[in-house]
Each structure stands twice: as structure tokens, then as C-alpha cells.
Amino acid sequence: MAVLASEHYNSATGLVIIPDSHADSCGALRGFTTISASHPVPDSRSVHAASSVLKIASGLTSKDLLLFLVSGGGSSLMCLPVHGVPLDAKQELTRQLLSCGATISEINCVRTHLSQVKGGRLAAETDAPVVTLAISDVPGIDPALIASGPTAADRTSIADARSVIEIYQLNPGAEVSDALFDPANESPSTSLMEHPGRLEVVASGQVAL
């Protein structure tokens with residue numbers, strides 16, 4: 001996706017975030033920085049990647065275009081925990097979520113409410129029009145589930161995230177528990193994301209079939 005975008009927009013600049021397994025997949029793209037990060041459990045590079053994306057988005061104006069190309073794995077590759085939650089606490093919670101039998105929608109519900117970029121928060125940080133083109137790796141084509149929807153409106157609540165923790169009897173630790181009772185970690189309202197632009201799932205399992 002990044003290669004095609006760089007060919008289409010000759011003057012584009014941006015950031016490519018990829019797993020270690022694909023570190024050599026796109027080579028050197030003019031104007032783009034590439035960051036490798038961890039999947040399925042985030043690491044410090046994932047935090048650096050998310051911080052870098054937020055910096056780019058917040059620096060754009062209404063005369064710019066934020067083109068967000070996203071596919072599966074973004075929840076881990078782009079991870080910036082909310083204030084008060086250290087990375088190791090979110091790593092441990094991620095491991096519990098991945099092994100407890102929770103669905104991807106339940107897992108992403110929890111991750112969304114512990115993130116500074118997921119659940120539409122990335123879109124809320126920019127003044128630029130946002131165009132999101134997504135490749136879905138989840139059942140259905142709900143863009144809010146793809147990489148936990150950094151530019152998609154989140155229809156879940158922080159109470160839903162607490163319910164997932166309770167249903168699967170997880171032990172999230174004190175920092176995570178406190179964060180999931182903090183109203184500041186509720187998903188942003190859609191009014192904060194009303195930028196010109198579009199969000200489209202361009203490929204999915206159903207399309208492939």
C-alpha cells in the first residue's frame with residue numbers, strides 16, 4: 001500500500017509501520033520513514049511508531065491530506081498506552097486477552113480504551129481531511145475493528161471494556177483497572193472526527209473468496 005501511494009502521490013511524505021517479518025518488503029521509499037515493530041504483543045518500537053503517527057497527524061492543517069492505509073496487526077504495531085498505564089502492563093494484558101478465548105471485537109474493545117491512538121483518537125488529533133483505506137483481516141468489514149480503528153468511530157464504551165475483563169476473569173493489574181474507570185479514557189465523540197474525507201474497506205476475506 002505504501003509503495004503504491006508513493007507512486008501515486010509524487011510529493012507524499014509519511015510513515016510506514018511493519019512487523020519484523022516484513023522489514024524488507026517495501027525497501028526505501030522517498031519521503032517515507034519505516035519503523036519495524038512487534039506483533040502480536042507490542043513493544044517499545046510500537047510506542048515509538050504510535051507517537052510518530054500522532055506527531056504527523058497533529059502537525060497537519062486543513063490544506064493537507066492525511067491518507068491512512070491500514071491492515072491487520074495495527075493494534076500491536078501502533079501502541080501508545082493511555083497516561084498511567086506502563087507498556088509492560090499493557091503487554092501482559094494483551095497476552096491474557098489473546099489466550100483467554102475472547103473475540104477480536106472484545107480484545108479490541110479493551111485495547112481501544114487503553115490507547116491514545118485507537119478508537120478514532122488519531123483522526124481527532126488532526127485538522128486535515130482524513131482518507132482511510134483499509135484491508136480487513138477480521139470477520140465482516142467493520143472498519144472499527146481493523147487495527148482497533150484509529151480513524152473510525154468507536155461504538156463501544158469504557159464500561160464494555162470492563163465487562164470483557166470481568167467475563168474472562170482477567171487480572172489486568174492496578175494501573176489498567178484504574179484507567180478503565182477513568183472517564184478521560186472514554187472514546188472521543190464523533191463530533192471530534194468530522195473531517196472531510198472517507199473511510200473505505202478496499203479488501204476483505206469476503207472479497208478474496
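The structure we're discussing is the one just above.
S.K.: Before we move on, can you summarise the pattern of salt bridges with the specific residues and values?
M.R.: Counting across every chain of the model gives 5 salt bridges. Here Glu 92 ties to Arg 95 by a salt bridge, and the two come within 3.8 Å at their closest N and O atoms. Pair noted here: Glu 92 and Arg 95 are both in helix 4 (residues 87-99), with a separation of 3 residues, about one helical turn. For Glu 92, a relative accessible area of 39% translates into the label partly exposed. The exposure class assigned to Arg 95 is partly exposed, which follows from its relative accessible area of 43%. Asp 142 is the partner of Arg 155 in a salt bridge, and the nearest nitrogen-oxygen pair spans 2.6 Å. Taken together, the residues span a long stretch of sequence, with Arg 155 in the loop between strand 4 (130-135) and helix 7 (158-167) and Asp 142 in the loop between strand 4 and helix 7 at a distance of 13 residues. For Arg 155, a relative accessible area of 64% corresponds to the exposed category.

S.K.: Tell me what's going on with the sheet that holds strand 4, and back it up with residues and numbers.
M.R.: Two orientations exist for strands paired in a sheet by backbone hydrogen bonds: parallel and antiparallel. A sheet is described by the order of its strands in space; here 3 strands give the open sequence 3-4-5, paired in parallel fashion. Of all the strands in the sheet, just strand 3 (66-70) and strand 5 (197-203) have a single pairing partner and so form its edges. Taken over all neighbouring pairs, the strand axes of this sheet differ in orientation by 10 degrees on average, direction set aside. The pairing of strand 4 with strand 5 spans 6 bridges and is classified as parallel. Along strand 5, the bridge assignment pairs Val 131 with Arg 198.

S.K.: For unusual backbone geometry, give the residues involved together with the corresponding values.
M.R.: The step from His 39 to Pro 40 runs through a cis peptide bond, and the omega angle for that step is 10 degrees. Note on placement: Pro 40 falls in the loop between strand 2 (32-37) and helix 2 (44-58). Unusually for a residue other than glycine, Ala 147 sits at a positive phi of about 60 degrees. Tracing the backbone through its elements, the reader meets Ala 147 in the loop between strand 4 and helix 7. A relative accessible area of 6% places Ala 147 in the buried class. Its identity as a non-glycine residue notwithstanding, Gln 169 has a phi of 50 degrees, on the positive side.

S.K.: Got a sec to walk through the environment of Val 207? Specific residues and values, please.
M.R.: When you line up the elements, Val 207 lands in helix 9 (residues 205-208). Remark: the alpha-carbon pair of Val 207 and Ser 136, spanning 71 residues in sequence, is separated by 9.8 Å.

S.K.: Outline a nonpolar patch on the surface, supporting the account with residue identities and numerical values.
M.R.: A cluster of nonpolar residues, Met 1, Ile 135 and Val 202, forms a patch on the protein surface that exposes about 220 Å² of accessible area. Looking at the element boundaries, Ile 135 is found in strand 4. Judged by its relative accessible area of 32%, Ile 135 is partly exposed.

S.K.: Talk me through the side chain of Ser 76; I want residue IDs and the actual numbers.
M.R.: Turning to its location among the elements, Ser 76 is positioned in helix 3 (residues 74-77). Not counting chain neighbours up to four residues away, the residues in contact with Ser 76 comprise Ser 38, His 39, Pro 40, Val 41, Pro 42 and Ser 46.

S.K.: Outline the packing of helix 4 against helix 5 (residues 104-112), listing residues and values.
M.R.: Two elements in contact, helix 4 and helix 5, have axes whose closest approach is 10 Å; the angle formed by their N-to-C orientations is 165 degrees. In terms of orientation, helix 4 and helix 5 fall into the roughly antiparallel class. By crossing handedness, the relation of helix 4 to helix 5 is classed as right-handed. Between helix 4, through Lys 90, Leu 93, Thr 94, Leu 97 and Leu 98, and helix 5, the contact on the second element is made entirely by Ile 107, Val 110 and Arg 111. In terms of residue class, the contact of helix 4 with helix 5 is built from 5 nonpolar, 1 polar and 2 charged.

Criteria and thresholds
Residues numbered from 1 in each chain as written. Predicted model: local features only at pLDDT ≥ 70, side-chain atom pairs only at ≥ 80, totals over all residues. Heavy atoms only, no water. Salt bridge = Lys/Arg side-chain N within 4 Å of Asp/Glu carboxyl O. Helix = DSSP H or I, 4+ residues; strand = E, 2+ residues; numbered from the N terminus. Buried < 20%, exposed > 50% of the residue type's maximum accessible area, 1.4 Å probe, protein only. Pairing = 2+ DSSP bridges. Axes fitted to C-alpha atoms, helices over the stretch in contact; angles between N-to-C directions. Patch = residues over 30% accessible without salt bridge, like charges linked within 9 Å, V, L, I, M, F, W, Y side chains within 5 Å. Areas by Shrake-Rupley, 256 points an atom, 1.4 Å probe, with all protein chains shown as cover. Contact = heavy atoms within 4.5 Å. Parallel < 35°, antiparallel > 145°, perpendicular 65-115°, else oblique. Left-handed = near helix turned anticlockwise from the far one by under 90°. Nonpolar A, V, L, I, M, F, W, Y, C, P; charged D, E, K, R; others polar.

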